[in-house]
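# Summary of the model geometry
Spelled out, the chains give:
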Amino acid sequence: MKTQGVVLSLAVSDATRSHDFYREVLGADSVRLDMGIVGIELPGIMLFLAEVADFTKYSREAKRSPLLPVPASDALLSCAIASTGEVDEILSVVKAAGGRTFEPHEIPHASGRLQYVGTFTDPDGHLWQLVCNLTDAQDAAN
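As the structure is a prediction and not an experimental result, all values here were calculated from the model. (Residues numbered from 1 in each chain as written. Predicted model: local features only at pLDDT ≥ 70, side-chain atom pairs only at ≥ 80, totals over all residues. Heavy atoms only, no water.)

### A short note on the sheet that holds strand E5 (residues 76-80)
Rules: Two strands qualify as a pair provided DSSP detects at least 2 bridges between them. In DSSP terms, a helix is any run of H or I states spanning at least four residues, a strand is any run of E spanning at least two, and both are numbered starting from the N terminus. Throughout, an axis means a line fitted to C-alpha atoms (over the contacting stretch in the case of helices), and angles, computed between N-to-C directions, take values from 0 to 180 degrees. Any pair of residues with heavy atoms lying within 4.5 Å of one another is described as a contacting pair.
An order of E5-E8-E7-E6 is seen for the four strands of this open sheet, with the pairing classed as mixed. The open sheet has two free edges, formed respectively by E5 and strand E6 (100-108), since each of these has just one partner strand. Within the sheet, the average angular offset between the axes of one strand and its neighbour, ignoring direction, is 20 degrees. Note that E5 and strand E8 (residues 127-133) share five bridges and pair parallel. Bridge pairing in E8 links Ala-80 to Val-131. Against the sheet, helix H3 (residues 84-96) contacts E6, strand E7 (114-121) and E8, and its axis sits at roughly 15 degrees relative to E7.

### Points about helix H2 (residues 52-59)
Selection criterion: To sort residues, take the accessible area from a 1.4 Å probe on protein chains only and compare it with the maximum for the residue type: under 20% means buried, over 50% means exposed, and anything in between is partly exposed. Throughout, the arc means the angular range of directions from the helix axis out to the C-beta atoms.
Among the residues of H2, those classed as buried are Asp-54, Phe-55 and Ser-59. The buried side chains of H2 occupy one side of the element, clustering within an arc of 135 degrees when seen end-on. In this structure, the buried side of H2 is in contact with strand E1 (7-12) and strand E4 (45-51).

### Quick word on the nonpolar core
What counts, and what does not: To define a nonpolar core, start from buried Ala, Val, Leu, Ile, Met, Phe, Trp, Tyr and Cys residues and group those joined through side-chain atoms within 4.5 Å.
Within the largest apolar cluster, 22 residues are counted, with the highest numbers of intra-cluster contacts made by Tyr-22, Ile-40, Leu-49, Val-87, Phe-120 and Leu-130. Among the elements of the structure, E1, helix H1 (15-25), strand E3 (37-42), E4, H3, E7 and E8 are those that each provide at least two residues to this core. At four residues, H3 tops the list of elements feeding residues into this core. Once residues lying within four places of it in the same chain are set aside, the contact partners of Leu-130 are Cys-79, Ile-81, Val-87, Ile-90, Leu-91, Tyr-116, Val-117, Gly-118 and Phe-120.

### Structural notes on the pattern of salt bridges
Stated precisely, the cut-off is as follows: A pairing counts as a salt bridge when a side-chain nitrogen of Lys or Arg comes within 4 Å of a carboxyl oxygen of Asp or Glu.
Going through the model one piece at a time under the given rule, you end up with two salt bridges. Residue Asp-54 is joined to Lys-57 by a salt bridge in which the shortest nitrogen-to-oxygen separation is 3.3 Å. One end of the pair, Asp-54, and the other, Lys-57, are both in helix H2, three residues apart, so they sit about a helical turn from each other. Its relative accessible area of 18% is what places Asp-54 among the buried residues.

### Some points on the pairing of E6
As paired strands, E6 and E7 are joined by seven bridges and run antiparallel to one another. Note on E7: the bridge partner recorded for Arg-100 is Thr-121. The turn linking E6 back onto E7 is made up of five residues, and Gly-112 within it adopts a positive phi angle of 100 degrees.

### Examining the confidence of the model for the chain
The predicted coordinates of low-pLDDT regions are not to be read in fine detail. Which entries qualify depends on this criterion: Residue-level confidence of the predictor is summarised by pLDDT, bounded by 0 at the bottom and 100 at the top.
Averaged over every residue, the pLDDT of the chain is 87; the share at 70 or more is 93%. At the level of individual helices and strands, the chain shows its lowest average pLDDT in helix H4 (residues 137-141), which scores 52, and its highest in H3, which scores 96.

### Digging into the sheet that holds E3
Sheet architecture is open: four strands sit in the order E1-E4-E3-E2, paired in mixed fashion. Edge positions in the open sheet fall to E1 and strand E2 (31-34), since each of these has one partner strand only. Across the sheet, the axes of successive neighbouring strands diverge by a mean angle of 20 degrees, strand direction being ignored. Inspection of the sheet shows E1 paired to E4 by six bridges, in the parallel sense. Considered in E4, the bridge of Val-7 is made with Met-46. Sheet strands touched by H1: E1, E2, E3 and E4. Its angle to E2, the strand with the most contacts, is close to 165 degrees. Against the sheet, H2 makes contact with E1 and E4, and its axis sits at roughly 115 degrees relative to E4, the strand it touches most.

Structural data, given as structure tokens:
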């Protein structure tokens, strides 16, 4: 399969609230709100957050209804972050804005890297994982 880009679409209950969270809380400059859909351009992927009615227009073709992740989760969005301090800062900002965060911790990755991981949810409960590599795979192998 040859693609010209990847778009991930998730259902949200309030596009304006999602727009404000990603723009104002997380500081994402590429956030746009157009016709009830939030678009966030990230490296290698475009994220669309569509209100339930708009999301259903597309998911109905596959005879599926949207699943907001409360209490389940439909996806885990993972981002590489440059430093542990930046992971902690993002979690702090999200928590101060009333978001749900989880205690950051170190975990060994299957590649052999040691990683520092912080997790939070957006206003609709979509999970975001912030990952900072503490070692690279080559160092871990030695």
